Amino acid sequence: MASLSLRSIYKKYPGGVVAVSDVNLEIKDKEFIILVGPSGCGKSTTLRMIAGLEEISEGELYIGDRLVNDVAPKDRDIAMVFQNYALYPHMTVFENMAFGLKLRKVPKDEISRKVEEAARILDISHLLDRKPKALSGGQRQRVALGRAIVREPQVFLLDEPLSNLDAKLRAQMRTEISKLHQKLGTTFIYVTHDQTEAMTMGDRIVVMKDGFIQQVDSPQNLYTNPVNLFVAGFMGSPQMNFIDSVLRKTEDGKFAVEFGSEDTKTSRGKKYYVEVPESKITEEAEAALNDLVGKEIITGVRPEDIHDEEMFLSAAKTGIIEADVEITEMMGAETYLYLNCEGISLTARVDPRSTARPQDTIRVAIDANKIHIFDKETEKTIVN
């Protein structure tokens, strides 16, 4: 098994295009790490550099203790699973899975043993005589995984392997791949643009944007303690609400965020305040907040932290707002309310028993203990 070390890795293309910039990442042995970000952020390029399919322009890549910048892909002891499965259509499932071993001149009986073992793990033993065209998308994905498993590599690289599957199958395969990781005890590096996949599968998540790593952390920490506006907005579905606000200081010296409108032609002309709990303010945050009093900031609040239940409304001292319901989405276990408050669009995730309906005007409470505050200029997080 192997750890990986990416040290100041760059990928530069002719014409001055920089796809990946200064990537520094330590991946532990047997870790399941996910690279996530929007299309074009450099995550697949980073994976292809680890695989040896793209040349590293600058920096050093170690697999275990071995520098592999100039090592051919076949000698890196890695296996890659692609988005489009890359199966040979004229070969059976068995032949597809055995192909890499045949190239390595592995004895026939050992090939049979390894293929049958991998097929058993993936529950595709009954498909070994079929050709890819006779398989469903999920079955083809399992064959592609099986082909990687039989090689017993130190590192598995998976490049958006579930993006061609339907939603139900994708959820099922997420579970299967997580189980597979536990069974094999190998290092997995997984690329996706789907943050649900990232949140449910990874030990740690690497969030990328424009070729730069934004944050590396556990799924829960990324969700509750994002380092900047981009990470906060990217992780979570529906995404975090961002409210253009002004930072104020109350008469008793507490910080509060103010938002709303005084324009009665376009709205009710109301201003709202959410007091920032002292427990959320570190010494570092207090210094930054003092510099921003009277200035514009961005307040973030997750949909599940906006409540329409009476118990929250009666308990809240600040942060109760009036909003018009524009759309409701009944999701079964929960309801999404799309609200308009003084021209600000908000999404609330509420109890399915909520009686709010489109065109209603309702009162909701923003949970002050869960708000985030971002510097509007730098987009860095000040309060989580």
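Scroll up to find the structure this text is about.
A quick note: this is a predicted structure, and the numbers were derived from the prediction, not measured. (Residues numbered from 1 in each chain as written. Predicted model: local features only at pLDDT ≥ 70, side-chain atom pairs only at ≥ 80, totals over all residues. Heavy atoms only, no water.)

**A closer look at the overall build of the protein chain**
Phase 1: Check the secondary structure of the protein chain and you find 10 helices and 21 strands.
Phase 2: The proportion of buried residues among the 384 residues of the protein chain is 50%.
Phase 3: Within the protein chain, residue pairs in contact and separated by at least 24 positions form 67% of the contacts whose partners lie at least 6 positions apart.
Phase 4: As presented, the protein chain carries roughly 18,600 Å² of accessible surface, and 47% of it is formed by carbon and sulfur atoms.
Phase 5: Separation between the mean location of the 49 positive side-chain charges and that of the 59 negative ones in the protein chain comes to 8 Å. (Helix = DSSP H or I, 4+ residues; strand = E, 2+ residues; numbered from the N terminus. Buried < 20%, exposed > 50% of the residue type's maximum accessible area, 1.4 Å probe, protein only. Contact = heavy atoms within 4.5 Å. Areas by Shrake-Rupley, 256 points an atom, 1.4 Å probe, with all protein chains shown as cover. Lys, Arg positive; Asp, Glu negative; His and termini not counted. Charge placed at Lys NZ, Arg CZ, Asp CG, Glu CD.)

**Details of the pattern of salt bridges**
Phase 1: Enumeration over the complete set of coordinates arrives at 17 salt bridges.
Phase 2: Between lysine 376 and aspartate 244 there is a salt bridge, with the nearest N and O atoms lying 3.5 Å from each other. Of this pair, lysine 376 sits in the loop between β20 (372-375) and β21 (381-383) while aspartate 244 sits in strand β11 (residues 241-249), and the two are 132 residues apart along the sequence.
Phase 3: Where arginine 349 meets glutamate 304, a salt bridge forms, and the shortest distance between an N and an O atom there is 3.3 Å. With arginine 349 in strand β18 (residues 344-350) and glutamate 304 in the loop between β14 (296-301) and β15 (306-307), this residue pair connects regions lying 45 residues apart in the sequence. (Salt bridge = Lys/Arg side-chain N within 4 Å of Asp/Glu carboxyl O.)

**Examining the nonpolar core**
Phase 1: Ranked by internal contacts, the top residues of the largest apolar core, which has 46 residues, are Met97 and Ile177.
Phase 2: Looking at this core, the element that brings in the most residues is helix α3 (residues 108-122), giving 6 residues.
Phase 3: Those residues in contact with methionine 97 that sit more than four places away from it in its chain are Val115, Ala118, Ala119, Ile124, Leu128, Val143, Gly146, Arg147 and Val150.
Phase 4: Val274, Ile362, Ile366 and Ile382 belong to the second largest nonpolar core, which has 34 residues in total. (Core = buried A, V, L, I, M, F, W, Y, C linked by side-chain atoms within 4.5 Å.)

**A look at the packing of aromatic side chains**
Phase 1: Overall, the coordinates contain 7 aromatic pairs when judged by the stated rule.
Phase 2: Ring centres 6.0 Å apart and planes at 45° place the aromatic pair phenylalanine 32 and tyrosine 190 in the tilted group. Linking phenylalanine 32 in strand β3 (residues 32-36) with tyrosine 190 in strand β8 (residues 187-192), this pair joins segments that are 158 residues apart in sequence. Across this residue pair, the class does not change: phenylalanine 32 and tyrosine 190 are buried.
Phase 3: Aromatic ring contacts, followed pair by pair, group Phe32, Phe156, Phe188 and Tyr190 into a single cluster.
Phase 4: In this arrangement the basic side chain of lysine 12 is found over the ring face of tyrosine 10, its NZ or CZ atom lying 5.2 Å from the centre.
Phase 5: Taking NZ or CZ as reference, arginine 302 lies 3.9 Å from the ring centre of tyrosine 223, over its face. (Phe/Tyr/Trp six-rings, centres within 6.5 Å; stacked < 30°, edge-to-face > 60°. Lys NZ or Arg CZ within 6 Å of the ring centre and 35° of its normal.)

**Quick notes on helix α2 (residues 93-103)**
Phase 1: Within α2 the residues assigned to the buried category are Val93, Asn96, Met97, Ala98, Gly100 and Leu101.
Phase 2: Looking at the buried positions of α2, the neighbouring elements they touch are α3 and α4 (137-149).
Phase 3: Downstream of α2 by a residue or two, lysine 105 has a phi angle that is positive, lying close to 60°.

**What to know about a negative patch on the surface**
Phase 1: A surface patch of like charges, here negative, comprises Glu251, Asp252, Glu278, Glu283 and Glu286.
Phase 2: Assignment of secondary structure puts glutamate 278 in the loop between β13 (271-275) and α9 (283-292).
Phase 3: Taking relative accessible area as the criterion, glutamate 278 reaches 57% and is therefore assigned exposed. (Patch = residues over 30% accessible without salt bridge, like charges linked within 9 Å, V, L, I, M, F, W, Y side chains within 5 Å.)

**Some remarks on the side chain of arginine 142**
Phase 1: Along the chain, the position of arginine 142 falls in helix α4.
Phase 2: Buried and without a salt bridge, arginine 142 has glutamate 176 as its closest oppositely charged side chain, separated by 4.1 Å.
Phase 3: Other than its neighbours up to four places away in sequence, arginine 142 contacts Leu122, Asp123, Ile124, Gln172, Met173 and Glu176.

**Here's the deal with the sheet that holds strand β12 (residues 255-260)**
Phase 1: With respect to topology, 6 strands assemble into an open sheet ordered β13-β12-β11-β14-β20-β21, the strand pairing being antiparallel. Only two strands of the sheet have a single partner each, and these edge strands are β13 and β21. Strand-to-strand twist of the sheet, defined as the mean angle between neighbouring strand axes without regard to direction, takes the value 40°.
Phase 2: Packed onto the sheet, α9 meets β11, β12, β14, β20 and β21 and runs at close to 100° relative to β21. (Pairing = 2+ DSSP bridges. Axes fitted to C-alpha atoms, helices over the stretch in contact; angles between N-to-C directions.)

**Regarding the pairing of β20**
Phase 1: What you see with β20 is no split at all: His372 and Phe374 on one side and Ile373 and Asp375 on the other are buried throughout.
Phase 2: Direction of pairing for β14 relative to β20: antiparallel, over a ladder of 4 bridges. Residue pairing across strands places isoleucine 297 opposite aspartate 375, the latter belonging to β20.
Phase 3: Between β20 and β21, which pair antiparallel and follow one another directly, the connecting turn spans 5 residues, one of which, glutamate 379, has a positive phi of 65°.

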